[in-house]
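Structural description and commentary
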Amino acid sequence: MKLSLLSIVALSATAITARFIEKHEQDQVILSNVVDEERYLVEVAPGELMSVTEEDKWELRRSGRNFMDITDNQDLGGLKTSAVKVEFPSKPVLQEALTPLLKNLSKSNMQANLETFTSFHTRYYKSDYGRQSSEWLLENVQGVIKNSGADKYGAYAKHFIHPWGQNSVIATIPGKSNSTVVVGAHQDSINLFLPSILSAPGADDDGSGTVTILEALRVLLTSRDVIKGKGENTIEFHWYSAEEGGLLGSQAIFSEYQKAGRNIKAMLQQDMTGYVQRTLDAGEKESVGVITDFVDPGLTDYIKKVVTEYCEIPYVETKCGYACSDHASASKAGYPSAFVIESDFKYSDNHIHTSDDLIKYLSFDHMLQHARLTLGLVYELAFARSVPPPDQQGSSYPSAPALESLSLSPSAGITLSIPLNSHDDADATPKSKVPRESVRRDNQNRREVLLKGKEGSRRRQRWENDRLLHVPNVQLPLPSDWEVHPTYPVHTVPYYLAPLWDAGLRAHSESLAASKSKAAKTKTGVKEEKGRVPAELRQKLKKAKGAKSLLQDLEEEVRKFVREWEGKKKEGEEVELDSEDEEIVFVGRDGGMSDETRKKVEEELQREKLVWDSRVDDKGASFGRWLVHEIAAYYGLSSRSITVGNPARREAYVGIKEMKTGHRSSIGGEELPLPLWEVVLCRLGVPDILEWPHGNYIAYQFG
């Protein structure tokens, strides 16, 4: 495989900082791990062809050369017919209807859609992520049509199937005629260094154009006249696949349109609509770049008038070369096409085709201007009547109906009528129309049938399995389900600091081990028993006198819990735990459980008491949890701390200790010891004999 110096440098940098890629992660990104050395026929200029490999194509891209991969579409443009040339309106005339529509365009909608669209690891047309992004886009477009109610009047959106995995998306809004106005953008993205592996968010190229025309479609469908098909022309919105691979998706579509004899009146391509920083840095005004080379002059001139009428910024004429975007496919098929871009081409985004093509560099205010242009152009041309230019309007002789209605009215009041031969002769026999032989074409339906395969075949089984058909209770995965996340904390450390990081981890672990060992030695020989005050507790509270009130509050909660438990036992309530037999509980998907199981769980929870609750990152709360454990040991209770919730919280519980027989022991009917906080108040000179409640006496030993 041929690698340029730039590719080798990028690969080396990636190898230093990237983590190891698991086998299942490779399967999610790359459809085939076999190096494809197939040769492709590309056209880098009109009539200039080259035979290249896949890597050669990316090398052409990296060197700044545009091309069309015509391997499978060599007949595109070879079937041009003498179609009537389109005469575009002299100027925009529907300002009254468009003004309220333009106000409904939303920057927030475009931003929300673009954030989701760029969340895919890549939209490379041969990757599984590219397929997922195409399915998300189709679902979104279909939702826009359904929410507007346009589907009830014949509007629809569907995939145009391609063999490489990522399909193009076509939305159609019918009009009075089959003459069609097309607006397009490409949905795929690419990282030119390692397309199958490295990320390619493609925010500007061409996520910006994708969401721009999507927002224009949403607002266009708020017009009842458009929805009900009152426009003179049909409208189509295209989102092409594999533009980065050599305009593959748009070539396939316009090749089929050409074979089917489709009448495409105009095609506008929106590719990169959001980057303006280099224009501003150069001291120039923000503007819409109108491409003037390899485009239709009439449509381009009309677009300039639309920008002037409906946009709040001016236009600037610029050039991009041959096959610089999908409008070239329409032009090659003989259809009038045009292309607009975010700025003068020399100031266009320099972050494209890398992992750095991010939203943070884009201006949604500028994208809004492109949405205004798209909406204004589509609406104007949707209601424009197709009038051929004077040199293509046919014979200059008047028609028969015109002659029949012709009258001369001289000043004398005499009227001269010219009657023509009637066509209503009784002897005239109608001519029989010879049925035209149907021509078999490689249409969309036949492609879908071939992809599905025959009923019961292995191909049909794979097709159904890929779409999770006939699977009960299936839920389609979301794009977030395919994202790879580590199950452990990840700390990003520069490569050259890795040895220091490892040494720090080792020192930290050794320090923890030493502290645990020291704590274990200090506690050796000290036996925890009920009613005994640990020396450590007494020493800490002597130093932190303000903590005694906290100790008192916590202990009151514990004593209250013990008294209530003893009261329930005396009343004859069941206090035994479940047997040692374990029970399997099936919990619903929503986290719910049966009433009987919930009652058991609630009863079990009553045997414990939540005493302390704090955030995990609250370092001062550890002292409170330690007091809870000390109080539990003093009263002969069990205690535990757990981490729950999001954000995480630490909770400390006390409960009745479990005996070896499997039953829980109570306090044993004894009187509660003196409150711990009162005992701690005693100084060293206080005798070891303290009065117990109700006149009893007991020897009390300090730790």
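Residues numbered from 1 in each chain as written. Predicted model: local features only at pLDDT ≥ 70, side-chain atom pairs only at ≥ 80, totals over all residues. Heavy atoms only, no water.

**As for the overall build of the chain**
The condition that has to hold: Strands are runs of DSSP state E lasting at least two residues, helices are runs of H or I lasting at least four, and both sets are numbered from the N terminus onward. Buried, partly exposed and exposed residues are distinguished by accessible area as a fraction of the type maximum, computed with a 1.4 Å probe on protein chains only: under 20%, between the cut-offs, and over 50%, respectively. Whether two residues are in contact is decided by their heavy atoms, any of which lying within 4.5 Å being enough.
For the chain, the count of helices and strands is 22 helices and 18 strands. The burial tally for the chain puts 42% of its 703 residues in the buried class. A sequence separation of at least 24 residues applies to 76% of the contacts in the chain between residues at least 6 apart.

**A short note on the packing of helix H11 (residues 297-310) against helix H13 (residues 364-382)**
Note the threshold: Lines fitted to C-alpha atoms define the axes, with helix axes restricted to the stretch in contact, and inter-axis angles between N-to-C directions lie between 0 and 180 degrees. Oblique is the label for every angle not falling under 35 degrees (roughly parallel), over 145 degrees (roughly antiparallel), or within 65 to 115 degrees (roughly perpendicular). If you view the pair so one helix is near and one far, a crossing is left-handed when the near helix is turned anticlockwise from the far one by less than a right angle, and right-handed when it is turned clockwise. Note on residue classes: Ala, Val, Leu, Ile, Met, Phe, Trp, Tyr, Cys and Pro are nonpolar, Asp, Glu, Lys and Arg are charged, and everything else, Gly too, is polar.
Between H11 and H13, the shortest axis-to-axis distance is 9 Å and the interhelical angle comes to 120°. When the axes of H11 and H13 are compared, the pair comes out oblique. Here the hand of the crossing between H11 and H13 comes out right-handed. The residues of H13 that touch H11, namely those facing Leu299, Tyr302, Ile303, Val306, Val307 and Tyr310, are Arg372, Leu373, Gly376, Leu377, Glu380 and Leu381. Considering only residue class, the contact of H11 with H13 consists of 9 nonpolar, 1 polar and 2 charged.

**Some details on the sheet that holds strand E5 (residues 168-173)**
Here is the rule: Note: two strands are recorded as paired if DSSP finds a minimum of 2 bridges between them.
The 8 strands lie next to each other as E4-E5-E7-E6-E8-E11-E9-E10, forming an open sheet whose pairing is mixed. The open sheet terminates on both sides in strands that have one partner only, identified here as strand E4 (156-160) and strand E10 (315-318). Adjacent strand axes in the sheet meet at a mean angle of 25°, parallel and antiparallel pairs treated alike. Where E5 meets strand E7 (residues 234-240), 5 bridges bridge the pair, whose relative direction is antiparallel. Considered in E7, the bridge of isoleucine 170 is made with histidine 238. Lying over the sheet, helix H9 (residues 248-260) contacts E4, E5, E7 and strand E8 (264-270), oriented at roughly 145° with respect to E7.

**Some words on the side chain of glutamate 43**
This is how it is decided: Side-chain atoms alone can form a polar contact between residues adjacent in sequence; in general such a contact is a pair of N or O atoms within 3.5 Å, and within protein one must be able to donate a hydrogen while the other accepts it.
The residue glutamate 43 is located in strand E1 (residues 40-45) in this model. On the accessibility criterion, glutamate 43 (7% relative accessible area) is buried. At a separation of 3.1 Å, a polar atom in the side chain of glutamate 43 contacts the main-chain amide nitrogen of glycine 47. Side chain to side chain, glutamate 43 and lysine 332 meet in a polar contact 2.9 Å long. In this structure, glutamate 43 is in contact with Glu48, Leu49, Phe67, Met68, Ile70, Tyr322 and Lys332, ignoring residues within four places of it in sequence.

**Considerations on helix H16 (residues 458-466)**
The test is simple: The reported arc concerns the directions from the helix axis to the C-beta atoms and nothing else.
Turning to H16, its buried residues are Arg460, Trp463 and Glu464. Buried residues of H16, seen end-on, are gathered within an arc of 95° and therefore sit on one face of the element. In this structure, H16 carries Arg458, Asn465 and Asp466 as exposed residues pointing more than 90 degrees from its buried face. Residues of H16 that are buried make contact with helix H15 (444-452). Once H16 finishes, leucine 468 follows within two positions and takes phi at roughly 55°, a positive value.

**Brief notes about the packing of aromatic side chains**
Here the distance between the centres and the angle between the planes together describe a pair of aromatic rings. Let me state the cut-off plainly: Only Phe, Tyr and Trp rings take part, Trp by its six-membered ring, and two of them pair if their centres are within 6.5 Å. Stacked means planes under 30 degrees apart, edge-to-face means over 60, and tilted covers everything else. Whether a charge lies above a ring is judged from NZ of Lys or CZ of Arg, which has to be within 6 Å of the ring centre and within 35 degrees of the ring normal.
Enumeration according to the criterion identifies 13 aromatic pairs in this entry. When the centroid spacing of 6.3 Å and the interplanar angle of 25° are considered together, the rings of phenylalanine 237 and tryptophan 239 count as stacked. Each member of the pair, phenylalanine 237 as well as tryptophan 239, carries the same accessibility label: buried. An aromatic cluster is defined as three or more aromatic residues linked by ring pairs; in this entry it consists of Trp58, Tyr124, Tyr125 and Trp164. The side chain of arginine 61 reaches across the aromatic face of phenylalanine 67, ending 5.2 Å from its centre. Note that arginine 262 overlies the ring of tyrosine 257, its terminal NZ or CZ placed 4.3 Å from the centroid.

**Remarks on the sheet that holds strand E14 (residues 608-615)**
Pairing in this open sheet of 3 strands is antiparallel, and the strands run E14-E16-E15 from one edge to the other. Single-partner strands in this sheet number two, and they are E14 and strand E15 (638-644). Strand-to-strand, the axes of this sheet are offset by a mean angle of 20°, without reference to chain direction. When E14 meets strand E16 (residues 649-655), the two strands line up antiparallel, connected through 7 bridges. Pairing of serine 614 across the sheet is with arginine 650, part of E16. The strands touched by helix H19 (residues 547-570) are E14 and E16; relative to E14, the strand with the most contacts, the crossing angle is about 150°. Running over the sheet, helix H21 (residues 621-634) touches E14, E15 and E16 and is turned about 165° from E14.

**Some words on the pattern of salt bridges**
Going by this rule: For this document, the term salt bridge refers to a Lys or Arg side-chain nitrogen within 4 Å of an Asp or Glu carboxyl oxygen.
For the structure on display, the rule yields 25 salt bridges. With a closest N to O distance of 3.8 Å, glutamate 244 and arginine 61 form a salt bridge. Linking glutamate 244 in the loop between E7 and H9 with arginine 61 in helix H3 (residues 54-62), this pair joins segments that are 183 residues apart in sequence. Here glutamate 244 and arginine 61 have matching classes, each one buried. Within this structure, Glu55, Glu59 and Arg62 form a network of salt bridges that share partners.

**Looking at the nonpolar core**
For clarity, the threshold we go by: We call a set of buried Ala, Val, Leu, Ile, Met, Phe, Trp, Tyr and Cys residues a nonpolar core when their side-chain atoms join them within 4.5 Å.
Counting residues in hydrophobic clusters, the biggest one holds 67 residues, and the most contacted among them are Val141, Leu217, Phe237, Trp239, Ile303 and Leu375. Considering every element that reaches this core, the biggest residue donor is H13, with 11 residues. Residues in contact with phenylalanine 237, not counting those within four places in the same chain, are Val169, Ile170, Ala171, Ile173, Val183, Ile213, Ala216, Leu217, Leu220, Thr374 and Val378. Of all hydrophobic cores here, the second largest spans 30 residues; its members include Trp565, Val611, Tyr635 and Leu637.

**Remarks on the confidence of the model for the chain**
For residues with low pLDDT, the predicted coordinates do not support detailed interpretation. For clarity, the threshold we go by: Confidence scores labelled pLDDT are given residue by residue by the predictor and lie between 0 and 100.
Overall, the prediction assigns the chain a mean pLDDT of 79, with 73% of residues at 70 or greater. Here residues 389-403 is modelled with pLDDT under 50, and outside its nearest four sequence neighbours on either side it reaches 11 contacts, counting other chains as well. Low pLDDT (under 50) marks residues 408-412, which in the prediction has 5 contacts with non-local residues, meaning those over four places away or in another chain.

**Some thoughts on the pairing of E8**
Taking burial as the measure, the 7 residues of E8 include 7 buried ones, the bulk of the element. Bridge count between E8 and strand E11 (residues 337-341): 4 bridges; the pairing is parallel. Directly across from methionine 267, in E11, lies its bridge partner serine 337.

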